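Residues per chain, in single letters:
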Amino acid sequence: MTLDPYIANEYMAHGQTNQLIERARNYILENLETAKAKFKEQGVDVEVKLLEGENIAKAVAHATEELQSDLVIVSSHGRSGFKKLLIGSVAQSLLTAVKVPVLIVKHA
């Protein structure tokens, strides 16, 4: 969960949450649990974890070290050109931020 510094200033500085943060957190946790259940149906046990921070790549890099992960799998829209310049690429950032292999799954 990437936190907008303006909306999450008090949360980031003092741990004081607000409605927007809690709504986003609950939405993400529900989606993670849904994904976990779908994997379980296929016989694959997964662990889900909500990461919070201002920079996705740094948060994931820290988590991979903490969890001693062997692989990071990330989905990408595959934007290119001007859109990629404006939006940035989390997948690209992960390639340099983490110390383990990164599998990027492109979807349309």
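Each value, and the rule that gives it
- Residues numbered from 1 in each chain as written.
- Predicted model: local features only at pLDDT ≥ 70, side-chain atom pairs only at ≥ 80, totals over all residues.
- Heavy atoms only, no water.
- Helix = DSSP H or I, 4+ residues; strand = E, 2+ residues; numbered from the N terminus.
- Buried < 20%, exposed > 50% of the residue type's maximum accessible area, 1.4 Å probe, protein only.
- Contact = heavy atoms within 4.5 Å.
- Areas by Shrake-Rupley, 256 points an atom, 1.4 Å probe, with all protein chains shown as cover.
- pLDDT = per-residue confidence, 0-100.
- Salt bridge = Lys/Arg side-chain N within 4 Å of Asp/Glu carboxyl O.
- Expected span 1.5 Å × (residues − 1).
- Polar contact = N/O pair within 3.5 Å; in protein donor to acceptor, adjacent residues only side chain to side chain.

## Here's the deal with the overall build of the protein chain
Helix and strand counts for the protein chain stand at five helices and two strands. Tracing the protein chain from N to C terminus, the helices and strands come up as α-α-α-β-α-α-β. A total of 108 residues make up the protein chain; the buried ones form 18% of that total. Summarising the internal contacts of the protein chain: among those between residues at least 6 apart in sequence, 57% fall at separations of at least 24. Per element, the accessible surface of the protein chain, about 8,300 Å² overall, is 55% carbon and sulfur.

## Overview of the confidence of the model for the protein chain
Scored by pLDDT, the protein chain comes out at a mean of 80, with 72% of its residues at no less than 70. Taken element by element, the protein chain is modelled with least confidence in helix H4 (residues 81–87), mean pLDDT 51, and with most confidence in helix H3 (residues 56–67), mean pLDDT 92.

## As for the pattern of salt bridges
When charged atoms on two side chains of opposite charge get close, those side chains can pair. Counted by the stated rule, this structure contains four salt bridges. When the shortest N-O distance is used, the salt bridge between aspartate 45 and lysine 40 registers 3.1 Å. In this structure aspartate 45 comes out as exposed when scored by relative accessible area, which is 63%. Here lysine 49 and glutamate 66 are joined by a salt bridge, their closest N and O atoms 2.6 Å apart. You can see lysine 49 sitting in the loop between helix H2 (19–41) and H3 and its partner glutamate 66 sitting in helix H3, a full 17 residues away along the chain. On the basis of relative accessible area, glutamate 66 is assigned to the partly exposed category, the value being 49%.

## Here we look at H3
With 12 residues, H3 extends 16 Å between its outermost C-alpha atoms, agreeing within 8% with the 16 Å of an ideal straight helix rising 1.5 Å per residue. Among all positions in H3, only Ala57, Ala59, Val60, Ala61, Ala63 and Thr64 are buried. In this structure, the buried residues of H3 make contact with strand E1 (72–76) and helix H5 (90–97). Two or three places before alanine 57, at the start of H3, stands the capping residue asparagine 55, its side-chain oxygen 3.0 Å from that residue's backbone nitrogen. Backbone geometry just downstream of H3 places glutamine 68 in the positive-phi region, at approximately 55 degrees.

## Observations regarding unusual backbone geometry
Of note in the backbone geometry, glutamine 68 takes a positive phi value of approximately 55 degrees without being a glycine. On the secondary structure map, glutamine 68 appears in the loop between H3 and E1. Judged by relative accessible area, glutamine 68 falls into the exposed class, the value being 68%.

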